[in-house]
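What the coordinates show
Here are the chains, one letter per residue:
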Amino acid sequence: MNQMSDKKIFEVPLYAYERSPDQDAEAPVRHKAVVIGAGPIGLGAAIDLAQQGVEVVVLDDNDKVSFGSRAVCYAKRSLEILDRLGCGREMVEKGVKWNLGKVFFDERKVYEFNLLPETGHDFPAFINLQQYYLEQYLVDRVREMQDAGARIEIRGLNKVLRVADKGDHVDLLVDTPDGEYPVQAEWLIACDGAMSPTRSMMGLDFVGRVFEDNFLIADVVMEADFPTERWFWFDPPFNRGQSALLHKQPDGVWRIDLQLGWDIDKDEEKKPENVIPRLKAMLGEDVKFELEWVSIYTFQCRRMEKFRHNRVIFAGDAAHQVSPFGARGANSGLQDTDNLAWKLKLVMEGTAPESLLDSYDAERIHGADENILNSSRSTDFITPKSEMSRILRDAVLDLSEHYEFARPLVNSGRLSMPCTYDGSPLNTPDALPGGPSRSRPGSPCADAPLGEVYLLPRLGGRFTLLTIGAEAPESLSVDGLEVDRLAVEATPDIRARYLGEAESAVYLIRPDQHVAARWPSYDAGAVEAALNRAIGKE
Amino acid sequence: MSTLTLSPNIPGADDFYAELLAAHEGLTNAESDALNARLVLVLANHIGDRAVLSEALQAAMLKEEETA
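Predicted, not measured: the structure shown is a model, and the values here were computed from it.

The next point concerns the overall build of chain B. Along the backbone of chain B there are four helices and zero strands. Each helix and strand of chain B, ordered N terminal to C terminal, gives the series α-α-α-α. Against the 2.2 N^0.38 benchmark of 11 Å for 68 residues, chain B shows a C-alpha radius of gyration of 14 Å, more extended than a compact globule. In the structure as shown, chain B presents an accessible area of about 4,800 Å², 60% of it carried by carbon and sulfur atoms.

For the rest of this paragraph, the subject is the confidence of the model for chain A. Caution applies to low-pLDDT parts of the model: their predicted coordinates are not meant to be read in detail. Across chain A, pLDDT averages 93, with 99% of residues at or above 70. This stretch, residues 1-5 of chain A, has a pLDDT under 50; its non-local contacts, to residues over four places away or in other chains, come to four contacts.

Our next topic: the domain arrangement of chain A. Residues and elements named next belong to chain A. Segmentation of chain A into domains returns domain 1 (2-96 + 127-206 + 302-370), domain 2 (209-300) and domain 3 (437-534). Each of domain 1 and domain 2 was reduced to a C-alpha centroid, and the two centroids are 30 Å apart. On the side of domain 2, 16 residues touch domain 1, which itself brings 23 residues to the contact. Around 1,700 Å² of area is buried between domain 1 and domain 2 when both sides are counted, 56% of it from carbon and sulfur atoms.

This part takes up the pattern of salt bridges. Residues and elements named next belong to chain A. Within this structure, the stated rule accounts for 45 salt bridges over all chains. Note that Arg155 is salt-bridged to Asp22, the shortest N-O span being 2.9 Å. Here Arg155 is found in strand 8 (residues 152-155), whereas its partner Asp22 is found in the loop between helix 1 (2-6) and strand 1 (29-36), with 133 residues between them in sequence. We note that Arg155, like Asp22, is buried. Between Asp493 and Arg497 there is a salt bridge; the shortest N-O distance is 3.4 Å. Remark: Arg497 and Asp493 occur in helix 12 (residues 492-499); sequence separation between them is four residues, near one turn of the helix. A relative accessible area of 23% means that Asp493 is categorised as partly exposed. By relative accessible area, which is 3% here, Arg497 ends up buried.

Moving on: the interface of chain B and chain A. Accessible area lost when the parts come together is the quantity often used to give the size of an interface. On the chain A side, the residues contacting the 23 residues of chain B number 20 residues. Together, the buried faces of chain B and chain A total about 1,900 Å²; carbon and sulfur atoms form 63% of this surface. Sorting the residues of chain B by area buried against chain A places Asp14, Tyr17 and Leu62 of chain B first, and these three jointly supply 32% of that buried surface. The interface formed by chain B and chain A holds three salt bridges in total. Here Lys385 of chain A ties to Glu25 of chain B by a salt bridge, and the two come within 3.4 Å at their closest N and O atoms. Scanning the region where chain B abuts chain A turns up six residue pairs in polar contact (both at pLDDT 80 or more).

On to the sheet that holds strand 22 (residues 463-468) of chain A, then. Residue and element names in this part refer to chain A. Strand order in the open sheet made by the five strands is 23-24-22-25-26, with mixed pairing throughout. Where the open sheet ends on each side, the last strands, each with one partner, are strand 23 (475-478) and strand 26 (515-519). Adjacent strand axes in the sheet meet at a mean angle of 20°, parallel and antiparallel pairs treated alike. As defined by bridge partners, strand 25 (residues 505-509) adjoins strand 26 across four bridges and the pair is classed as antiparallel. Its bridge partner being in strand 26, Tyr507 is matched across the sheet by Arg518. Lying over the sheet, helix 12 contacts strand 22, strand 24 (481-488) and strand 25, oriented at roughly 115° with respect to strand 22.

The next subject is unusual backbone geometry. Residues and elements named next belong to chain A. Positive phi, normally seen in glycine, also occurs at Asp106, with a value near 60°. Of note, Asp106 is situated in the loop between strand 5 (100-105) and strand 6 (108-114). Classification of Asp106 as partly exposed rests on a relative accessible area of 26%. Residue Asn310 is not a glycine yet carries a positive backbone phi of 55°. Structurally, Asn310 is set in the loop between strand 17 (308-309) and strand 18 (312-314).

Here is what the cut-offs are and how they apply
Residues numbered from 1 in each chain as written. Chains lettered and ligands numbered in written order. Predicted model: local features only at pLDDT ≥ 70, side-chain atom pairs only at ≥ 80, totals over all residues. Heavy atoms only, no water. Helix = DSSP H or I, 4+ residues; strand = E, 2+ residues; numbered from the N terminus. Rg over C-alpha atoms; globule rule 2.2 N^0.38 Å. Areas by Shrake-Rupley, 256 points an atom, 1.4 Å probe, with all protein chains shown as cover. pLDDT = per-residue confidence, 0-100. Contact = heavy atoms within 4.5 Å. Domains from an automatic or database assignment. Buried area = accessible area lost by both parts, 1.4 Å probe. Salt bridge = Lys/Arg side-chain N within 4 Å of Asp/Glu carboxyl O. Buried < 20%, exposed > 50% of the residue type's maximum accessible area, 1.4 Å probe, protein only. Polar contact = N/O pair within 3.5 Å; in protein donor to acceptor, adjacent residues only side chain to side chain. Pairing = 2+ DSSP bridges. Axes fitted to C-alpha atoms, helices over the stretch in contact; angles between N-to-C directions.

Here it is as structure tokens:
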């Protein structure tokens, strides 16, 4: 805490500007992949590519991790993805784990819920952690990879001024403290946030629904007795007619979210002399706290019509935006890059046709639509947009205090769950009679203990044939694509998650740990066909 | 004798709630009240059981002691 109080991590230039040889090159240097934006999604994409041996350069117009904590709540799937990228453990060690939520209406606690996470998983259901820690861990991971010789680079204070898709590459013009320089990318991944300059430079639409509401978001440092729980208030005495949220983060930092309504003066509301009385009304007059970060936000639920535009591919908030209720921003962005990186690698090396990248659109647009639907519904519940909507909402809350049946209808945010790619062109129709629905083709693999270790770290990064009580070759190769077998025993967890009623199973697992196909036993022809389908050779 | 179900019983609760809100969209308050009244009568007819309907009325009045 001592060094933190002197200088916070987001005040230190972690990727300070350095002149690149590209700036002195006679002709523009062409890179395999360029990522715009060194936020969690951009760094996630870059690390994933570099881990697969792809040379990658990240350009960011800043030189520090993001100020203020922003994204706070990370779901298990994100932690599993980050573990594959080499920083899941740090997240869990530093993060705050929570399971209990309380819902208040007016002056009463109407009910509480326990997420009751399923046992037999390496990672918790959710952790809370300031976004700057995640970014710091990702930057540390980049440095570690650089030390090991990986071709990954972050260029701070490199602001992209121009982007032009040239068919087989992308031309970029970049501004730096030393002036402008041109550079080229075989593939460009734009992870430059909801206001994406890349999207604007390319004149692409970003349409959706505007929610007429403002929220005050504050991170306060305080020594308080509030438990490690998510507290949500509808219409509390300290914020009449509006909502409020309290959530704990590490280092004694608390996230507070106060709904303010539409007709407010944002600059006035942001002033400490106006913020502090609001927080005192909520926390109590005697609680001592210090403001770490305050902002006022409005939001929209929207997405681009397509995420892939030939050689330019959008990911994260640049491609889709949701309300914060449900923690579906950073969590869905990490699923984007998880989906994209292996496909891009296979296309770059010529193993898969370029059309494989269109499945990124199909699968992640499906994911974005699911997130937009859920987060719009949460917002409609939190901010009823008509009188009848409010009457029904209040009826649900009143009933929820007395009757269990009404509780599933209370919607203060449907927390991010990993997306199942039902209907994806990469899926082979389910061929495992009696197999559990949760592991049907398109699903993300559920973790399970394998003795002292866990299943998920054994999967991912490549195609895997997971066999349970079934014979199969130890490895196979189809047109240059290597597949390794992982044979596991039918423990009770494996049985529940992968066998169901079946006696044995063979699963083809994609590099992003999603199920591509499944059968009761190994059949070389079927596996080869499913593999071809899973890499877009249909 | 059947009793009123007060545990969660609607699969896809969020979908149902969204459909309910959508049914009210664009209606005046009076039209919404009328829609709710018709909905109550339609659902009551579907339930059909007088004892259950009495319990439901008590529950809606938040008189849980009497229905417990």
